[in-house]
Amino acid sequence: MGEFMKNNFKELLYSVLDIYQLINRLFSKDKSLENYSNKSKTYLTANDTLQLNSSVKLSAENIGKTAKTIMKQYINNPDDLLKLIESKGTRVIRAKHIEKLLRLTGEYDSFILPSKGLKALFLIIGINLLSKTKMKLALSTPAMFVLEDKPVNIYLIAHQFHHWMSYIEKMPGYEENTVNNFKNIWNHEFGSKDIDKLCVQEILALKDAIARDIEAINFVKEITNEYIASKTSSDKLKNGQSQSI
């Protein structure tokens, strides 16, 4: 993994952890707060400890293992990985200049969760104009991968593939309101005053979203260390290049 990519992932991880600590500092009372969801109960105690229940932990571990097995198979053929994703019912759209369209809707070229309203309609119109893939006009879009029509970045696709697997396994943290709140925390103007506007349930749900992103980041690190970095070293050895240890 190049030094530039390493630094980017480090900065992203540190930023996520800073947000996590900021949210935790808002709670200093002794009583526990409980967030009820379909798959998890989250408790925040006086020790500021976030505990995911065993079923969510087990699901996260299984997702990581399955995703790693699949990524190992497609590590040298990310385009085939996209075909696999599409075969599972998730639309994959690739087009030139699509990144500019996504920026206008507050998205990035990657795995995009369902959207509604005028944003969804605008996204569909833009996709129909830029891509060979056409979508019916509607006020909602399904979960889909939307990417620039260029060679796939293996680090990006690994990160987003893990999110996709977590989403289809219905892990907590991908609810529409939670996703919007998660995007907002990356705004430079976002601060403690904005956190104060969130209810307890929204903050606890936001922790789920942060947990999912940390899991995806750690997955990329594992994939890089186990498959990408080892392959690079092997290729250098084959070519007679020295390795630094």
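In what follows, the accompanying structure is described. (Residues numbered from 1 in each chain as written. Predicted model: local features only at pLDDT ≥ 70, side-chain atom pairs only at ≥ 80, totals over all residues. Heavy atoms only, no water.)

### Thoughts on the overall build of the chain
Along the backbone of the chain there are nine helices and eight strands. Taken across its 245 residues, the chain has 44% of its residues classed as buried. For the chain, long-range pairs separated by at least 24 residues make up 69% of all intrachain contacts whose partners lie at least 6 apart in sequence. (Helix = DSSP H or I, 4+ residues; strand = E, 2+ residues; numbered from the N terminus. Buried < 20%, exposed > 50% of the residue type's maximum accessible area, 1.4 Å probe, protein only. Contact = heavy atoms within 4.5 Å.)

### Some details on the sheet that holds strand 4 (residues 91-95)
Two orientations exist for strands paired in a sheet by backbone hydrogen bonds: parallel and antiparallel. Sheet architecture is open: three strands sit in the order 4-8-5, paired in mixed fashion. Since the sheet does not close on itself, it has two edges, and those belong to strand 4 and strand 5 (110-112), each with one partner. Averaged over all adjacent pairs, the angle separating strand axes in this sheet is 25°, with direction ignored. In this sheet, strand 8 (residues 144-148) lies alongside strand 5 in antiparallel orientation, the contact comprising three bridges. Within strand 8, the residue paired with Phe 111 across the bridge is Phe 145. Contacting strand 5 and strand 8, helix 6 (residues 154-168) runs over the sheet at an angle of about 25° to strand 5. (Pairing = 2+ DSSP bridges. Axes fitted to C-alpha atoms, helices over the stretch in contact; angles between N-to-C directions.)

### Thoughts on helix 3 (residues 78-87)
What helix 3 keeps buried is the set Pro 78, Leu 81, Leu 82 and Ile 85. Down the axis of helix 3, the sector holding all buried residues measures 100°, keeping them to one side. Exposed residues lying more than 90 degrees from the buried face of helix 3 are Lys 83 and Ser 87. Buried residues along helix 3 sit against helix 2 (54-74), strand 4, strand 8 and helix 6. (Arc of directions from axis to C-beta.)

### A few points about the packing of aromatic side chains
The full count for this structure, using the stated rule, is four aromatic pairs. Their ring planes at 35° and their centres at 5.2 Å tell us that Phe 111 and Phe 145 sit as a pair that is tilted. Residue Phe 111 is found in strand 5, and its partner Phe 145 is found in strand 8; the two are separated by 34 residues along the sequence. One aromatic cluster is present, formed by Phe 111, Phe 145, Tyr 167 and Tyr 174 through successive ring pairs. (Phe/Tyr/Trp six-rings, centres within 6.5 Å; stacked < 30°, edge-to-face > 60°.)

### Thoughts on the environment of Glu 226
Relative to the assigned elements, Glu 226 resides in helix 9 (residues 200-238). Separated by 154 residues in sequence, Glu 226 and Lys 72 have C-alpha atoms that sit 9.2 Å apart. Within the structure, the side chain of Glu 226 is placed 3.1 Å from the side chain of Lys 68, a separation counted as a polar contact. (Polar contact = N/O pair within 3.5 Å; in protein donor to acceptor, adjacent residues only side chain to side chain.)

### Structural notes on the pairing of strand 8
Here strand 8 lies mainly inside the structure; five of its five residues are buried. Summarising the sheet, strand 4 and strand 8 pair through five bridges and their orientation is parallel. In the strand pairing of strand 8, Arg 91 is matched with Met 144.

### Quick look at the packing of helix 2 against helix 6
One can describe the packing of helix 2 onto helix 6 by two numbers: an axis separation of 10 Å at closest approach and a directional angle of 140°. For the element pair helix 2 / helix 6, the angle class is oblique. Handedness of the helix 2/helix 6 crossing: right-handed. Contact residues: Ile 63, Gly 64, Thr 66, Ala 67, Ile 70 and Met 71 in helix 2; Ile 154, Ala 158, Phe 161, His 162, Met 165 and Ser 166 in helix 6. Its residues placed into classes, the contact of helix 2 with helix 6 shows eight nonpolar, four polar and no charged. (Parallel < 35°, antiparallel > 145°, perpendicular 65-115°, else oblique. Left-handed = near helix turned anticlockwise from the far one by under 90°. Nonpolar A, V, L, I, M, F, W, Y, C, P; charged D, E, K, R; others polar.)

### Describing the pattern of salt bridges
Using the criterion set out here, one finds nine salt bridges in the structure. Glu 226 is paired through a salt bridge with Lys 68; the nearest N and O atoms lie 3.1 Å apart. With a gap of 158 residues between them, Glu 226 in helix 9 and Lys 68 in helix 2 connect regions that are remote in the sequence. Glu 99 serves as the salt-bridge partner of Arg 103, at 2.6 Å between the closest nitrogen and oxygen. (Salt bridge = Lys/Arg side-chain N within 4 Å of Asp/Glu carboxyl O.)

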